[in-house]
Amino acid sequence: MTSLHHLRAGIIGTGFIGPVHIEALKRLGITVNGICGSSQSARHTGELWGIPEVYGDYDHEAMYASPNIDVVHVTSPNKAHVQQCLKAIEMGKHVVCEKPLGMNSKETALVVEAVRKGGKKGPVFAVNYVCRFFPAILQMRAMVARGDLGRIIHVQGHFFQDWLLHETDYNWRLLASEGGKLRAVGDIGTHWIDAVSFVLGTKATSVFAHLETFHKTRKRPRSQVQTFTKTDPKSLIDYKVDTEDFGSVMLKFGKASHGYASGVHANASISQVAAGWKCSLSFGIYGTKASVRWDLQQPNEIILGRRDEPNQILQRGTPGFLEDVAHFTDYPSGHPEGFSDCHKMQYRAVYEHIASNRKTEPLFATAADGHHEVQLCEAILQSSRAKTWVKV
Ligand SMILES: NC(=O)c1ccc[n+]([C@@H]2O[C@H](COP(=O)([O-])OP(=O)(O)OC[C@H]3O[C@@H](n4cnc5c(N)ncnc54)[C@H](O)[C@@H]3O)[C@@H](O)[C@H]2O)c1
């Protein structure tokens, strides 16, 4: 294994996910030297995590100027991503950018181009589609690629949450001007699509979608609130909602180079108003020999389905599972790994790629993958409006 420990990180964003990045990096033994956000929250986060360089006023350029930071993690809201990424690339920093890569494909194409121009000597760029690094996802990917499931016939699943069920639930993601024109699909649906694409080894090439906004009008506080935090019911004003609460999406996938998936049909339900579901990204991959099913809320197990033999539950850390994913799981069976661990594994993959001078396979999502997800979102919106299949 190549040592990662000479690489030093700087984090932009101090909300829900910024500290998840910090914790994962510290668990890997990577030094986090910089934190950037509003002056108050950057100072607070810096003190909490022992980060020496604090950059207030959202002054990411001041952080980029630090000679003590090699890799920048962009965890600000969506509309800030592209500008912060482009500047980081220009200043020679490697980047891990939160998803979605940007607000529209016109701007995300600029990131792809900047990365391309940098070439092999330029910065490494990753988009944080972390679900790829659940050991179960890596395991299912290996099973598909070596033909354990036979030829893949179809895929079915959902990504359900309920944190935006009530009209008083508020977050910047609800506003198209802050998060992008697609909300449920852009925010969580793209995780589902990226994970399924990764497992199949090929990308979606066309989509048919139906999107719905259940709460046409919602109530919001006068000021911003952090993700997953409650609002004060006394300070609410009405506003019209211009993003979807849920959607049904059908996708057709292209041809995978391993030969076991070509033209696969998939359908997914995506919702942020599904009572009782907190963070359930779930799918089944159905092949001519067998199927696999998995849910992020039980991330350590895969259900292996067979027609003519008993089904099996494959458990992380046990035979039949471990050998394909050994580098991306740290604890023995019976010691659950989950959300925070997949972040750790994703940053392990990215930092090893940088430290090895790109010798490791880039299993993480690239700028081109992030751009493709944004293109898919645009096609999904177009399809829902035109009620027809749209090619990506
Ligand atoms: N990969 C994942 O699993 C995952 C999970 C949650 C969020 N996300 C993504 O992470 C990003 C942040 O989401 P969140 O839930 O942490 O939001 P959040 O609202 O909790 O936090 C956002 C933070 O960014 C700060 N901020 C606002 N404008 C900024 C700017 N211009 N520069 C720097 N900081 C700025 C805010 O003060 C806040 O601290 C989003 O793009 C979201 O899609 C990814």
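Residues numbered from 1 in each chain as written. Predicted model: local features only at pLDDT ≥ 70, side-chain atom pairs only at ≥ 80, totals over all residues. Heavy atoms only, no water.

Once that is clear, we can look at the pattern of salt bridges. Scanning the entire structure with this criterion turns up 21 salt bridges. Among the salt bridges present, the one from arginine 183 reaches aspartate 245, with a minimum N-O distance of 2.9 Å. One end of the pair, arginine 183, is in the loop between helix H7 (176-179) and helix H8 (184-200); the other, aspartate 245, is in the loop between strand S10 (236-240) and strand S11 (246-253), and 62 residues separate them in sequence. Across the pair, exposure class does not vary: arginine 183 and aspartate 245 are buried alike. It is possible to trace a salt-bridge network through shared partners that takes in Arg132, Asp194, Lys203 and Asp369. (Salt bridge = Lys/Arg side-chain N within 4 Å of Asp/Glu carboxyl O. Helix = DSSP H or I, 4+ residues; strand = E, 2+ residues; numbered from the N terminus. Buried < 20%, exposed > 50% of the residue type's maximum accessible area, 1.4 Å probe, protein only.)

The full set close to the ligand counts 26 residues, and Asn78, Glu98, Lys99, Trp172 and Thr227 are the nearest of them. Here phenylalanine 16 contributes a backbone N or O atom positioned 2.9 Å from an oxygen atom of the ligand. At a separation of 3.4 Å, an oxygen atom of the ligand approaches a polar side-chain atom of tyrosine 58. Contact with the protein chains removes 86% of the 850 Å² of surface that the ligand exposes when unbound. Elements represented by at least two residues in the shell around the ligand include exactly helix H4 (78-90) and H8. The dominant element in the shell around the ligand, judged by the number of residues it contributes, is H4, at 4 residues. (Near = heavy atom within 4 Å. Polar contact = N/O pair within 3.5 Å; in protein donor to acceptor, adjacent residues only side chain to side chain. Areas by Shrake-Rupley, 256 points an atom, 1.4 Å probe, with all protein chains shown as cover.)

Packing of H8 against helix H11 (residues 367-386) leaves a shortest axis separation of 10 Å and a crossing angle of 115°. You can see that H8 and H11 cross each other, and the crossing is right-handed. Judged by residue contacts, Val185, Gly186, Thr190, Ile193 and Asp194 of H8 engage Glu373, Leu376, Cys377 and Ile380 from H11. For the contact of H8 with H11, the per-class residue count stands at 5 nonpolar, 2 polar and 2 charged. (Axes fitted to C-alpha atoms, helices over the stretch in contact; angles between N-to-C directions. Left-handed = near helix turned anticlockwise from the far one by under 90°. Contact = heavy atoms within 4.5 Å. Nonpolar A, V, L, I, M, F, W, Y, C, P; charged D, E, K, R; others polar.)

Our next topic: the sheet that holds strand S17 (residues 390-391). An order of S16-S15-S14-S13-S7-S12-S11-S8-S17 is seen for the 9 strands of this open sheet, with the pairing classed as mixed. Only two strands of the sheet have a single neighbouring strand rather than two, namely strand S16 (312-315) and S17. Packed onto the sheet, helix H6 (residues 135-145) meets strand S7 (152-160), strand S13 (280-287), strand S14 (291-295), strand S15 (301-305) and S16 and runs at close to 165° relative to S14. Across the sheet, H8 is in contact with S7, strand S8 (204-212), S11, strand S12 (265-271) and S13; its angle to S7 comes to roughly 150°. (Pairing = 2+ DSSP bridges.)

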